[in-house]
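Architecture at a glance
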Amino acid sequence: MGYLKTLAAMSDRVQFEEIGRTHEARPLVMLTISSPENLARLEEIRKEHLQLSNPLKEPAKDLAEMPVIVNMGYGVHGNESSASNAAPLVAYHLAASNSEEVQNLLATSVILLDPCLNPDGMSRFAQWANSHRGKHPIADADSREHNEVWPGGRTNHYWFDLNRDWLLAQHPESRVRLRKFHSWRPNVLTDFHEMSSDSTYFFQPGVKARKNPLTPEKNVELTERFAKYHAKALDEIGTLYYNEERFDDFYYGKGSTYPDVNGGVGILFEQASSRGHLRESVHGEFDFASTIRNQILTSLSTLRGATAMRLDLLKHQRTFYQSALELAREDPVKGYLFGHRRDKASNVRLLELLRRHRIMVRPLTKKVEGFTPGTAWYVPARQPQYRLLKSLFEKRTQFEDSVFYDVSAWNLPLAMGIPFAEMTEISRDALGAPVKNVRQPIPMVPPETEVAYAFEWHEQFAPRALNRLHRAKIRTKVSPRRFSAHTSSGKVKFDRGTILIPLGLQKGPQHKTIQRILKTIVTRDGITIHALSSGLTPSGIDLGSPSMNTLEQPKPLLLVGKGVSAYEAGEVWHLLDQRHDLNVTLVDLSRLGSVDLGKFTHLLMVGGKYELSDKRIAAIKRWIEEGGILVATKSAAKWASEKKLGSTRFISEKEAKEKENLLTAEDRESLPVRRLPYEEHRHDQDSKLTKGTIFSTKLDLTHPLGFGLTSRDHAVFRNSNLIMRPGEDPYATVAQYTGTPLLAGYVHEENLKRISASAALIAERVGDGAIISFVDNPNFRAFWTGTSKTYLNALFFGSTIEKTVKEEGDKDDEHGHQH
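Think of each chain on its own: its residues are numbered from 1, step by step along the sequence as written. The predicted origin of the model limits local features to residues at a pLDDT of at least 70 and limits the giving and counting of side-chain atom pairs to 80 or more, whereas totals for whole chains, interfaces and linings rest on all residues. Only heavy atoms go into the side-chain values, all of them from the structure, while hydrogens and water stay out.

**Quick notes on the sheet that holds strand β27 (residues 713-718)**
- For two strands to count as paired, DSSP must find a minimum of two bridges between them. A run of H or I in DSSP counts as a helix once it spans at least four residues, and a run of E counts as a strand once it spans at least two, with each numbered from the N terminus. An order of β23-β22-β24-β25-β30-β29-β28-β26-β27 is seen for the 9 strands of this open sheet, with the pairing classed as mixed. The open sheet is flanked by β23 (585-588) and β27, the only strands paired with a single partner. On average, adjacent strands in this sheet sit at an angle of 20 degrees to one another, irrespective of strand direction.
- For strand β28 (residues 733-744) and strand β29 (residues 759-766), the ladder comprises 3 bridges, and the chain directions are antiparallel. The residue of β29 that forms the bridge with Ala735 is Leu761.
- Note on definitions: a residue-residue contact is assigned when non-hydrogen atoms from the two residues lie within 4.5 Å. Note on definitions: angles span 0 to 180 degrees between N-to-C directions of axes, and those axes are lines fitted to C-alpha atoms, for helices only across the stretch in contact. Where helix α17 (residues 614-625) meets the sheet, it contacts β24 (602-605), β25 (629-633), β29 and β30 (769-774), and its direction lies at approximately 115 degrees from that of β30.

Laid out in structure tokens, this is it:
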């Protein structure tokens, strides 16, 4: 940062700008590099360039007179350090060189250079690599320098992969970057990475058959033309490379694909990593400097190509948005209605995300197909961002290829649990003016009462609201049944999961404290709170009913460390810490033996490999039986099943195949041997992976884990082939896959058969505790808020789950509940 600031101060070709801060408050910066003449009229150039993205306006200038805009991004993965270490040298070359090539390049382009997209991760890796370097660099792959401890420097502070967040924008690094991107709409965006040390060098186009069908062919053609410039630069120094294998451009949430759906060309570069200062590989030893060299060469080849292809790139941007309107005209789907009547916060979050991507949204002004004004909006297909919005709302299940580098579906309403509908027509009279500013609706602060306050659990931030009360030691209850009550605004119906704050149960003079917290809940969390005037209800259970469950503040322990998925652990940490202000203790797996589990109410285990001693497993089982709640997702749930902590069971792949194959041994022997081309074996194996697909389940809304959700039709995200059996206890399977579960994305037909009618979520009592098993990841990439609600319910309501099958020795309590 010091060098780049100095460079900008010393050169009239460079401007330095801080555009934001990371989670750890490190600066996110951007250099703008061009000729002094261009920099003097930079704002004018920017506005002229943005007109290319508006198909309804003619460009203010002849394209031949306009500069090409190139956004160069380095180091989104912190431990792929040749990228960010190349950035200062590229900046220096552009600032210092007086060659004719550079002079022409600066005159015909504006370069937005982002030197480090992930400063927090890079800092973590730099500290590791530099603190383990000796006087003499060690190339041995087993050297500690080349093997970071968990979680490594790849991710950001909360262990998220920022190169999957361009579309989702869940983190400050991505949000400021999107704002900068759309303030320019660059023609080219580069995305520099590293890969395994035994690799060579990669640049796109990648596997052309796996590009997103919404991406125009012209994009591939331009990328191929760039490839010739990269090949020439690397051929001159004898560097090996490849460019049409392994990587693809299907998921629009990566740095190299997001530009493709915004009228530009994204280019991915992958350099074999030295993982430190010197590294051995199958190609011999290579050092850090050589990796930086290759990244510099392809940076300059990109600029060389962009300058030569300037007019074609500007034309592509123009025609991209013009063709978007034509595609929208031909599409039978004319737009999308969406809105949740009882979760205004989720509506706001989706609106914010759409506006970040410059997608036009109109409010509904008349009731249409069950959607009502005030809680529903319409996204017209006919707009410049047609291709992008289509990718966010479509439910595609047919694909040219069956292998994906990343997810195959990312439908936003399904992920956020927001009802939506495809519209083939809609009256203009039913729509308002385009939304410009998105604001969270703020309800009225409830008047004082002597009886109780209540709020429903539908809102996304209801768990945060409840946690505020827990922090202040306010006593609360939850209703497992529907009821109505007399309130200051008349008779109100309340759903299951309603939170009750009985004033008669509070210790000491708590009224002022409660009023202060309620005001915060209303203004910060957007929750409607009702003042109840009587404990006697017109219908349903009374406020003093024994069915009302007393709640306690969750004190969760999240297992982290070697063997645990850092991504999935980070998603839980971020959900609790950032979204809901719930304290969570992170404990390394290696230290579990020295931790007093009795201090915690919940043990959170995400996907990973858990190698625990029999003694540790027995301690966990004893803790559960004494009242602890284990919340396990994906392979952690399978681990709990294999260790027989409860009765939940998984179906192994071997079992599944045996059930599917009904032929006798004699019949199988008589069948001809099937022969397949050897070169296709990897593709065929990869096609059986479920990399990221959306499925339908049926959710039990009467179960505590279903509180706050309003539809039995419950979409879930899956990126594994784990199969969980429905529970033997008929009440234990909270969510079950439907018979025809595929909603969006790709799944192999064998896996689809196995997934159908299997269990998605099981909750079972074990002694005085419980085990809650999710076969999938309900917190995926922080945008699956529709399913994270069930995960939060496991924390806040897990202790209220009753034993549903009476066992020998069980006794009913005074309310008839089994213990």
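Now that the structure is up, let's keep going.
**Description of the packing of helix α5 (residues 100-108) against helix α9 (residues 288-308)**
- Look at α5 against α9: their axes get within 10 Å of each other, and the N-to-C directions meet at 60 degrees. Here α9 runs oblique to α5, going by the angle between their axes. Two packed elements cross with a definite hand, and for α5 against α9 that hand is left-handed. For the pair α5 and α9, the contacting residues are Glu101, Asn104, Leu105 and Thr108 in the first and Leu303, Arg304 and Thr307 in the second.
- Along the lines of polarity and charge, the residues of the contact of α5 with α9 split into 2 nonpolar, 3 polar and 2 charged. Roughly parallel means an angle under 35 degrees; roughly antiparallel means over 145; roughly perpendicular covers 65 to 115; every other angle is labelled oblique. Take the far helix as the reference: if the near one is turned anticlockwise from it by less than a right angle, the crossing is left-handed, and if turned clockwise, right-handed. When residues are sorted by character, Ala, Val, Leu, Ile, Met, Phe, Trp, Tyr, Cys and Pro go into the nonpolar class, Asp, Glu, Lys and Arg into the charged class, and all the rest, Gly among them, into the polar class.

**Let's talk about a negative patch on the surface**
- Like-charged residues within 9 Å of one another, or nonpolar side chains (Val, Leu, Ile, Met, Phe, Trp, Tyr) within 5 Å, are grouped into patches, provided each residue has over 30% relative accessible area and no salt bridge. For the area figures, the Shrake-Rupley method with a 1.4 Å probe applies, and any residue is considered shielded solely by the protein chains shown. What counts as a salt bridge is simple: a side-chain nitrogen of Lys or Arg found within 4 Å of a carboxyl oxygen of Asp or Glu. Two residue types count as positive, namely Lys and Arg, and two as negative, namely Asp and Glu; His and chain ends fall outside the count. Note that the charge is assigned to NZ on lysines, CZ on arginines, CG on aspartates and CD on glutamates. On the surface, a cluster of negative charge is contributed by Asp140, Asp142, Asp198, Glu280 and Glu285.
- With respect to the helices and strands, the residue Glu285 is situated in the loop between β8 (278-279) and β9 (286-287).

**Quick look at the environment of Ser199**
- Within the fold, Ser199 resides in the loop between β5 (188-195) and β6 (201-203).
- Accessible area is worked out with a 1.4 Å probe on protein chains only. A residue is then buried under 20% of its type maximum, exposed over 50%, and partly exposed in between. Using a relative accessible area of 15% as the deciding quantity, one classes Ser199 as buried.
- In the analysis that follows, any N or O atom pair within 3.5 Å is treated as a polar contact, provided that within protein one partner can donate a hydrogen and the other can accept it, and provided that, for residues neighboring in sequence, both atoms belong to side chains. Side-chain polar atoms of Ser199 contact the side chain of Ser196, separated by 2.7 Å.

**Here's the deal with unusual backbone geometry**
- Here the amide bond leading from Trp150 into Pro151 is cis, since omega sits at 5 degrees, within 30 degrees of zero.
- Counting through the fold element by element, Pro151 comes out in the loop between α6 (119-131) and α7 (172-184).
- Non-glycine residue Lys473 carries a positive phi angle of around 65 degrees.
- With respect to the helices, strands and loops of the structure, Lys473 is situated in the loop between α14 (462-471) and β15 (477-478).
- Accessibility expressed as a relative area gives 62% for Lys473, which makes it exposed.
- Positive phi values are uncommon outside glycine, yet Asp581 reaches one of about 50 degrees.
- Take Asp581: it is sitting in the loop between α16 (566-579) and β23.
- When its relative accessible area of 33% is taken as the criterion, Asp581 is described as partly exposed.

**Remarks on the sheet that holds strand β7 (residues 265-272)**
- On the basis of which strands lie adjacent, the open sheet formed by 7 strands has the order β1-β2-β4-β3-β5-β7-β6 and mixed pairing. The open sheet terminates on both sides in strands that have one partner only, identified here as β1 (14-21) and β6. Ignoring which end each strand starts from, the neighbouring axes of this sheet average 20 degrees apart.
- In this structure, β1 lies alongside strand β2 (residues 27-33), joined through 7 bridges in antiparallel fashion. When the bridges of β2 are listed, Val14 appears paired with Ile33.
- Running over the sheet, α9 touches β3 (68-74), β4 (109-114), β5, β6 and β7 and is turned about 160 degrees from β5.

**Here's the deal with the environment of Leu311**
- Relative to the helices and strands, Leu311 is located in helix α10 (residues 310-330).
- For Leu311, a relative accessible area of 34% translates into the label partly exposed.
- Sequence separation of Leu311 and Gly508 is 197 residues, and the distance between their C-alpha atoms is 74 Å.

**Re helix α4 (residues 82-96)**
- Its 15 residues give α4 an end-to-end C-alpha distance of 21 Å, which sits within 8% of 21 Å, the value for a rise of 1.5 Å per residue.
- The complete set of buried residues in α4 reads Ser82, Ala83, Ser84, Ala86, Ala87, Val90, Ala91, Leu94 and Ala95. For a helix, the expected span equals 1.5 Å multiplied by the number of residues minus one.

**Notes on helix α23 (residues 785-797)**
- Between its terminal C-alpha atoms α23 stretches 17 Å, which fits the 18 Å expected from 13 residues at 1.5 Å a residue.
- In terms of burial, α23 is a largely internal element, 13 of the 13 residues being buried.

**Some thoughts on the packing of helix α8 (residues 217-235) against α10**
- Here α8 crosses α10 at 160 degrees, and the two axes come no closer than 11 Å. Of the possible angle classes, the one that applies to α8 and α10 is roughly antiparallel. Read as a crossing pair, α8 and α10 show a hand that is left-handed. Taking contact as the criterion, the partners of Lys218, Asn219, Leu222, Arg225 and Phe226 in α8 are, on α10, Asp312, Leu313 and His316.
- Of the residues belonging to the contact of α8 with α10, the class tally is 3 nonpolar, 2 polar and 3 charged.

**Here we look at the environment of Ile694**
- Take Ile694: it is sitting in strand β26 (residues 693-699).
- Owing to a relative accessible area of 0%, Ile694 belongs among the buried residues under this scheme.
- Residues Ile694 and Val207, 487 residues apart in the sequence, show an inter-C-alpha distance of 24 Å.

**Thoughts on the pairing of β26**
- Along β26, 6 of the 7 residues are buried, which leaves the element largely enclosed by surrounding structure.
- Sheet analysis places β26 next to β27, joined by 6 bridges and oriented antiparallel. Across the sheet, Ser696 pairs through a bridge with Ala715, a residue of β27.
- Relative to β28, β26 runs antiparallel, the two sharing 5 bridges. By the bridge assignment for β28, Thr697 is matched with Tyr737.

Structural measurements only, silent on function.
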